[in-house]
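The chain contents come next:
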Amino acid sequence: MKKRKVVVEIYRLSADKKQRDVLLTLENLAVRFKITQYRGTVFSQGTISVCGLSKEHINQLTTFQGAYLATQNDKYIRLTAGYVEGKDDESAVIFDGLIFKAIPTMPPDVWLNMEVFSNLDLVSEEKEISVENTTAKDLVKKIASVFDVPVVLDYSTSNATIDKFYFKGNLPSLERKLYEMFKNDKVFYYEQGKIIVDDWSKTNRPSVPYLINTENGMVFMPKPTTYGCNVSIFLNPFFQMSQIAKIESTQIPSLNGNYTVYMLTHEGTSRDVPFYTHLSCMRIPSNV
């Protein structure tokens, strides 16, 4: 039987942002989280709350300004969530970023409520890239290496040759350059600490949509909205914003069809009921 896995890691970064100094790793405490990301943005945000921390750790992490705390460095948090069954681990990092604000509740059950934002340091740094006689795949891997971020190439199958490529700047400006290079062939964007590259067909949809129905994790009924619908599934830390959602509802068949996802929220607790991924979807017209 699958069990939930929720791990919180709190750390500091060295001055050059390359070394992580882990302060706490929390696996067996009560944790609540709600993390939201938007398609095409360079950040995600939300709240992560932990109950059962020692007084020392609460004092260390809280952002109340005082003579001691004001001298402390920024602290970062990494949240891993998913499922485990025996030796099988189906968990992934769903947030890694800055603790913007941390305030404890009153006793007896003291929760440390943390407002968190994904780290934007990577997009503010300028890098220089110069390569010759490479493929689109290898170029993207080179970019990921230079910016020191992971890359998702689930739909990237092109081996088109690029004779020469030179760039100097930050990641947002690189997005614009690659958009011009790859338009009508690929979608390139930076999202929650990852470089995403998708191959798109002429109809602007990946070849294999993600099926959402009651047999594949759908919970509750999908709710119609102005642009399409909102739908919830059991928490899926691997869901990519680039995926097309194919909804099959027996309760509201008028909402069945393919959708793009423009907002995704992971919501869960380590011990209570909620453990969901909520999707805000925009319908793709059937004639496109």
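Throughout, residues of each chain are indexed from 1 in the direction in which the sequence is written. Reporting in this predicted model follows two pLDDT cut-offs: at least 70 for local features of residues, and 80 or more for side-chain atom pairs to be given and counted; totals over whole chains, interfaces and linings ignore these cut-offs and use all residues. Derived side-chain values reflect all non-hydrogen atoms in the structure, with water molecules and hydrogen atoms excluded from consideration.

So, about the overall build of the protein. For the protein, the count of helices and strands is 4 helices and 18 strands. Relative accessibility thresholds used throughout: buried, under 20% of the residue-type maximum; exposed, over 50%; partly exposed, between the two (1.4 Å probe, protein chains only). Relative to its full complement of 288 residues, the protein shows a buried share of 44%. Contact definition: two residues touch when any of their heavy atoms are within 4.5 Å. Considering only contacts within the protein whose residues lie at least 6 apart along the sequence, 61% involve residues at least 24 apart. The helix count covers DSSP runs of H or I at least four residues long, the strand count covers runs of E at least two residues long, and both are numbered beginning at the N terminus.

In this section: helix H3 (residues 136-147). The span you would expect from a helix comes to 1.5 Å times its residue count less one. The terminal C-alpha atoms of H3, which comprises 12 residues, lie 17 Å apart, in line with the 16 Å expected from a rise of 1.5 Å per residue. When we look at burial in H3, the residues that qualify are Ala136, Leu139, Val140, Ile143, Ala144 and Phe147. Down the axis, H3 shows its buried residues gathered within 140° of arc, on one side only. Near the N-terminus of H3, the side chain that reaches the backbone nitrogen of Asp138, with its oxygen 3.2 Å away, is that of Thr135. Following H3 by one or two positions, Asp148 has its phi on the positive side, about 55°. The arc in question is traced by the directions running from the helix axis to the C-beta atoms. Any N or O atom pair separated by 3.5 Å or less is treated as a polar contact, with the protein-specific requirement of one donor-capable and one acceptor-capable atom, and with residues adjacent in sequence counted only for side-chain atom pairs.

Looking at the element boundaries, Ser49 is found in strand S4 (residues 44-51). Of the polar contacts made by the side chain of Ser49, one reaches the side chain of Asn113; its length is 2.7 Å. With residues near it in sequence (within four places) discarded, Ser49 still touches Ala30, Val31, Arg32, Trp111, Leu112 and Asn113.

Quick look at the pattern of salt bridges now. Just to be clear on terms, a salt bridge is a Lys or Arg side-chain nitrogen sitting within 4 Å of an Asp or Glu carboxyl oxygen. Inspection of the entire model under this criterion finds 4 salt bridges. A salt bridge links Arg78 to Asp96; its shortest N-O distance comes to 2.8 Å. Taken together, the residues span a long stretch of sequence, with Arg78 in strand S5 (residues 76-85) and Asp96 in strand S6 (residues 88-104) at a distance of 18 residues. Exposure remark for Arg78: the relative accessible area of 25% places this residue in the partly exposed category.

Among the nonpolar cores identified, the biggest contains 26 residues, and Phe33, Ile48, Ile77, Leu79 and Met114 are the most heavily contacted of them. Secondary structure elements with two or more residues in this core: strand S1 (3-13), strand S2 (20-26), strand S3 (30-38), S4, helix H1 (55-61), S5, S6 and strand S7 (111-118). One finds Ile212, Met218, Ala245 and Leu255 within the second-largest nonpolar core, a separate group that totals 16 residues. What we call a nonpolar core is a set of buried Ala, Val, Leu, Ile, Met, Phe, Trp, Tyr and Cys residues that are connected through their side-chain atoms within 4.5 Å.

What follows deals with the packing of aromatic side chains. We call Phe, Tyr and Trp rings a pair once their centres come within 6.5 Å, taking the six-membered ring for Trp, and we label the pair stacked below 30 degrees between planes, edge-to-face above 60, and tilted otherwise. By the definition in use, this model includes 8 aromatic pairs. Seen in terms of ring centroids, Phe220 and Tyr276 are 5.3 Å apart; in terms of plane orientation they differ by 75°. Their pairing is edge-to-face. Residue Phe220 is found in strand S14 (residues 218-224), and its partner Tyr276 is found in strand S18 (residues 275-283); the two are separated by 56 residues along the sequence. On the numbers, 6.3 Å between centres and 40° between planes, the contact of Phe234 with Tyr276 is tilted. Here Tyr276 lies in strand S18 and Phe234 lies in strand S15 (residues 228-234), a separation of 42 residues in the sequence.

Before going further, it helps to examine the environment of Glu85. The topology assignment puts Glu85 in strand S5. Looking at Glu85, the relative accessible area reads 34%, which means it is partly exposed. For Glu85 and Arg4, which are 81 residues apart along the polypeptide, the C-alpha to C-alpha distance reads 9.0 Å. Contact partners of Glu85, with chain neighbours within four places excluded, come to Met1 and Lys2.

In this chain, Pro107 is followed by Pro108 through a cis amide linkage whose omega measures 15°. Of note, Pro108 is situated in the loop between S6 and S7. One non-glycine residue, Asn133, lies in the positive phi region at around 50°. Among the structural elements, Asn133 can be located in strand S8 (residues 127-135). A positive phi angle, close to 65°, is found at Phe220, a residue other than glycine.

So, about the environment of Tyr262. Considering the arrangement of structural elements, one finds Tyr262 in strand S17 (residues 257-269). The partly exposed category is assigned to Tyr262, whose relative accessible area is 29%. As for Tyr262 and Tyr38, which are separated by 224 residues in sequence, their C-alpha atoms are 5.8 Å apart. Aside from chain neighbours lying at most four places away, what touches Tyr262 is Gln37, Tyr38, Arg39, Tyr227, Met241, Ser280, Cys281 and Met282.

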